[in-house]
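Listed here are the chains, written in short residue letters.
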Amino acid sequence: MRITLLPLLLLSLLATLPARADLVITRDHGGYVEEYKEKYARIRDRHERVIIDGICNSACTMVFGIVPLNKVCVTPRASLGFHQAYYDKAFTFGIKVTSYEGTSDLMAYYPDTVKEWISRNGGLTTTMKKIKNGEDLWKIVDPCPEDF
């Protein structure tokens with residue numbers, strides 16, 4: 001009986017190749033800015049794609065400043081939400097306290113197209129400002145092609 005090593009060699013070769021995994025955002029209400037910076041840096045460094053197919057609010061929107069825009073697209077269900085950064089509730093007894101430093105950091109990541117939209121819509125405030133699918137959104141990011 002002869003054992004062939006070819007299947008084992010192929011499996012070991014495949015195991016060493018980087019896995020391609022697109023991030024599909026369907027319902028992301030945001031969270032800690034530092035966690036999003038790390039998450040999106042990993043996606044950028046792996047040359048992965050991001051498909052926004054639903055809600056992307058708050059820190060989620062940092063994707064536009066970290067992942068190259070040619071690796072990000074939106075579907076007709078996409079919705080973006082922007083607001084000022086605030087401190088964690090644990091340190092403010094449940095009250096949202098604006099972090100001007102955090103807001104400045106957030107704005108520093110956004111490309112000019114995002115900054116321009118925010119400026120045209122009154123700047124960042126404590127109230128969520130939303131962009132739904134359409135011309136304003138497409139000025140920031142392209143719609144997903146069918147084969148994306």
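Now for a quick tour of the structure. (Residues numbered from 1 in each chain as written. Predicted model: local features only at pLDDT ≥ 70, side-chain atom pairs only at ≥ 80, totals over all residues. Heavy atoms only, no water.)

What to know about the environment of Lys 96
And step 1. Turning to its location among the elements, Lys 96 is positioned in the loop between helix H4 (89-92) and helix H5 (100-109).
And step 2. A relative accessible area of 53% places Lys 96 in the exposed class.
And step 3. Sequence separation of Lys 96 and Ala 85 is 11 residues, and the distance between their C-alpha atoms is 9.3 Å. (Helix = DSSP H or I, 4+ residues; strand = E, 2+ residues; numbered from the N terminus. Buried < 20%, exposed > 50% of the residue type's maximum accessible area, 1.4 Å probe, protein only.)

Here we look at the layout of surface pockets
And step 1. The calculated volume of the largest pocket comes to roughly 680 Å³.
And step 2. The element best represented in the lining of the largest pocket is H5, accounting for 4 residues.
And step 3. Residue composition of the lining of the largest pocket, grouped by class: 9 nonpolar, 10 polar and 6 charged. (1 Å grid on protein atoms, 1.4 Å probe; cavity = no way out; pocket = protein on both sides within 12 Å on 5 of 7 lines; lining within 4 Å. Points joined across faces, edges and corners; volume = space filled by probe spheres on them. Nonpolar A, V, L, I, M, F, W, Y, C, P; charged D, E, K, R; others polar.)

Focus on the packing of helix H2 (residues 33-45) against H5
And step 1. Packing of H2 against H5 leaves a shortest axis separation of 11 Å and a crossing angle of 20°. Our classification of the angle between H2 and H5 gives roughly parallel. By crossing handedness, the relation of H2 to H5 is classed as left-handed. Contact residues: Val 33, Glu 34 and Lys 37 in H2; Asp 105, Leu 106 and Tyr 109 in H5.
And step 2. When the residues that make up the contact of H2 with H5 are grouped by side-chain class, the tally is 3 nonpolar, no polar and 3 charged. (Axes fitted to C-alpha atoms, helices over the stretch in contact; angles between N-to-C directions. Parallel < 35°, antiparallel > 145°, perpendicular 65-115°, else oblique. Left-handed = near helix turned anticlockwise from the far one by under 90°. Contact = heavy atoms within 4.5 Å.)

As for the packing of aromatic side chains
How two aromatic rings sit relative to each other is set out by the distance from centre to centre and by the angle between their planes.
And step 1. Per the counting criterion, the structure on display carries 3 aromatic pairs.
And step 2. Between the aromatic rings of Tyr 36 and Tyr 40, the centroid separation amounts to 5.8 Å while the plane-to-plane angle is 55°, which identifies the pairing as tilted. A residue pair is termed a helical-turn pair when its members lie 3 or 4 positions apart in one helix, as Tyr 36 and Tyr 40 do in helix H2 at 4 residues.
And step 3. When its relative accessible area of 9% is taken as the criterion, Tyr 36 is described as buried.
And step 4. An aromatic cluster of three or more residues is present, and its members are Phe 82, Tyr 110 and Trp 117. (Phe/Tyr/Trp six-rings, centres within 6.5 Å; stacked < 30°, edge-to-face > 60°.)

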